[in-house]
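# Chains, contacts and geometry: an overview
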Amino acid sequence: LLLTLNIEQLLKKQNKSKYWLCQNMNITARNLNRVIRGETTSISFKYIEDFCKYLNCTPSELIHLEENKLDKEA
(Lines give C-alpha, C1' and ligand atoms only; values in the text may rest on other atoms or scores of the structure.)
Protein backbone atom coordinates (compact mmCIF):
# COMPACT_ATOMS: atom_id res chain seq x y z
CA LEU A 1 0.00 0.00 0.00
CA LEU A 2 1.07 3.55 -0.70
CA LEU A 3 0.17 6.27 1.79
CA THR A 4 -0.12 9.83 0.47
CA LEU A 5 -1.42 13.09 1.90
CA ASN A 6 -4.07 15.07 0.02
CA ILE A 7 -2.45 18.39 0.90
CA GLU A 8 -2.53 19.97 -2.57
CA GLN A 9 -6.15 18.97 -3.19
CA LEU A 10 -7.24 20.35 0.18
CA LEU A 11 -5.34 23.60 -0.41
CA LYS A 12 -6.94 24.00 -3.84
CA LYS A 13 -10.41 23.38 -2.38
CA GLN A 14 -9.85 26.30 0.03
CA ASN A 15 -8.04 28.55 -2.45
CA LYS A 16 -4.93 28.55 -0.26
CA SER A 17 -1.31 28.31 -1.34
CA LYS A 18 1.54 26.10 -0.19
CA TYR A 19 3.28 29.33 0.85
CA TRP A 20 0.33 30.17 3.13
CA LEU A 21 0.49 26.71 4.70
CA CYS A 22 4.25 26.96 5.24
CA GLN A 23 3.85 30.31 6.97
CA ASN A 24 1.10 29.05 9.28
CA MET A 25 2.73 25.73 10.11
CA ASN A 26 6.26 27.11 10.35
CA ILE A 27 7.52 24.45 7.92
CA THR A 28 9.97 25.06 5.08
CA ALA A 29 8.74 24.82 1.50
CA ARG A 30 11.35 22.12 0.88
CA ASN A 31 10.01 19.96 3.71
CA LEU A 32 6.40 20.53 2.71
CA ASN A 33 7.17 19.49 -0.87
CA ARG A 34 8.95 16.37 0.38
CA VAL A 35 5.84 15.42 2.37
CA ILE A 36 3.58 16.10 -0.64
CA ARG A 37 5.77 14.01 -2.97
CA GLY A 38 5.95 11.15 -0.46
CA GLU A 39 9.70 11.47 -0.01
CA THR A 40 9.51 11.18 3.77
CA THR A 41 9.60 7.97 5.76
CA SER A 42 7.69 9.28 8.77
CA ILE A 43 5.54 12.19 9.86
CA SER A 44 4.88 13.38 13.40
CA PHE A 45 1.43 13.52 14.93
CA LYS A 46 2.01 17.25 15.42
CA TYR A 47 2.26 17.72 11.64
CA ILE A 48 -0.86 15.63 11.07
CA GLU A 49 -2.70 17.72 13.66
CA ASP A 50 -1.46 20.97 12.09
CA PHE A 51 -2.35 19.86 8.55
CA CYS A 52 -5.86 19.02 9.76
CA LYS A 53 -6.15 22.31 11.65
CA TYR A 54 -5.02 24.56 8.79
CA LEU A 55 -6.64 22.55 6.00
CA ASN A 56 -9.87 22.26 7.98
CA CYS A 57 -10.08 18.50 7.49
CA THR A 58 -10.07 15.23 9.38
CA PRO A 59 -7.16 12.75 9.31
CA SER A 60 -9.26 10.48 7.06
CA GLU A 61 -9.66 13.33 4.55
CA LEU A 62 -5.94 14.11 4.72
CA ILE A 63 -4.52 10.60 4.42
CA HIS A 64 -5.05 8.55 1.28
CA LEU A 65 -4.12 4.88 0.91
CA GLU A 66 -3.82 3.30 -2.48
CA GLU A 67 -2.49 0.03 -3.76
CA ASN A 68 1.08 0.39 -4.93
CA LYS A 69 1.58 -0.49 -8.61
CA LEU A 70 4.71 -2.43 -7.67
CA ASP A 71 2.65 -4.58 -5.26
CA LYS A 72 0.31 -5.52 -8.12
CA GLU A 73 3.20 -6.69 -10.31
CA ALA A 74 4.69 -8.94 -7.61
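Quick look at the structure, then. Computed from a predicted structure; not experimentally measured.

## Overview of the packing of aromatic side chains
Applying the stated rule across the entire model yields 2 aromatic pairs. Taken together, a centroid distance of 6.2 Å and an interplanar angle of 85 degrees make the contact between Trp20 and Tyr54 edge-to-face. Residue Trp20 is found in helix H2 (residues 18-25), and its partner Tyr54 is found in helix H4 (residues 45-55); the two are separated by 34 residues along the sequence. Judged by relative accessible area, which is 24%, Trp20 ranks as partly exposed. Look at Tyr47 and Phe51: their rings are 6.3 Å apart centre to centre, the planes differ by 35 degrees, and that puts the pair in the tilted class. Linking Tyr47 with Phe51, this pair stays in helix H4, spanning 4 residues, or about one helical turn. Judged by its relative accessible area of 28%, Tyr47 falls in the partly exposed class.

## Thoughts on the packing of H2 against helix H3 (residues 29-36)
Orientation of H2 relative to H3, taken along the N-to-C sense of each, is 115 degrees, at an axis distance of 10 Å. The angle between H2 and H3 falls in the class roughly perpendicular. As for how H2 packs across H3, the hand of that crossing is right-handed. Across the interface between the two elements, Lys18, Leu21 and Cys22 from H2 touch Ala29, Leu32, Asn33 and Ile36 from H3. Here the contact of H2 with H3 is composed, by residue class, of 5 nonpolar, 1 polar and 1 charged.

How each quantity is defined
- Residues numbered from 1 in each chain as written.
- Predicted model: local features only at pLDDT ≥ 70, side-chain atom pairs only at ≥ 80, totals over all residues.
- Heavy atoms only, no water.
- Phe/Tyr/Trp six-rings, centres within 6.5 Å; stacked < 30°, edge-to-face > 60°.
- Helix = DSSP H or I, 4+ residues; strand = E, 2+ residues; numbered from the N terminus.
- Buried < 20%, exposed > 50% of the residue type's maximum accessible area, 1.4 Å probe, protein only.
- Axes fitted to C-alpha atoms, helices over the stretch in contact; angles between N-to-C directions.
- Parallel < 35°, antiparallel > 145°, perpendicular 65-115°, else oblique.
- Left-handed = near helix turned anticlockwise from the far one by under 90°.
- Contact = heavy atoms within 4.5 Å.
- Nonpolar A, V, L, I, M, F, W, Y, C, P; charged D, E, K, R; others polar.

So far we have only geometry, and geometry alone does not tell us how the molecule works.
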